[in-house]
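Architecture and fold: a report
Residue strings, one per chain:
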Amino acid sequence: MKEIFEQYGGAIITVIAIVALAALITLVIGSDDKSPVYQAFSTLLNNLGSHVTVE
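None of the values given here were measured: they were computed from a predicted structure.

**Re the overall build of the protein chain**
Helices and strands together make up the secondary structure of the protein chain, namely two helices and zero strands. Per-residue burial over the protein chain gives 4% buried out of 55 residues. Looking at the protein chain as shown, the accessible area adds up to about 5,100 Å², and 69% of this sits on carbon and sulfur atoms.

Listed below in structure tokens is the structure:
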């Protein structure tokens, strides 16, 4: 086990960091319309649409 960490320790830490970052992004953004980011963008676009006038 010690040899594995000596040779591949940096790669293992990098993979763990990437997986953790992907999990965090998925948690924040979500995958449905109940996520905070989706709701914020939806509100922003709806408000923007109501302020723009087309002649």
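**Let's talk about helix H1 (residues 2-29)**
Between its terminal C-alpha atoms H1 stretches 38 Å, which fits the 40 Å expected from 28 residues at 1.5 Å a residue. Along its length, H1 shows its largest kink, about 75°, at Tyr8. Immediately downstream of H1, the backbone of Gly30 shows phi near 75°, a positive value.

Definitions and cut-offs
- Residues numbered from 1 in each chain as written.
- Predicted model: local features only at pLDDT ≥ 70, side-chain atom pairs only at ≥ 80, totals over all residues.
- Heavy atoms only, no water.
- Helix = DSSP H or I, 4+ residues; strand = E, 2+ residues; numbered from the N terminus.
- Buried < 20%, exposed > 50% of the residue type's maximum accessible area, 1.4 Å probe, protein only.
- Areas by Shrake-Rupley, 256 points an atom, 1.4 Å probe, with all protein chains shown as cover.
- Expected span 1.5 Å × (residues − 1).
- Bend = angle between axes of the 7 residues up to and from the residue.

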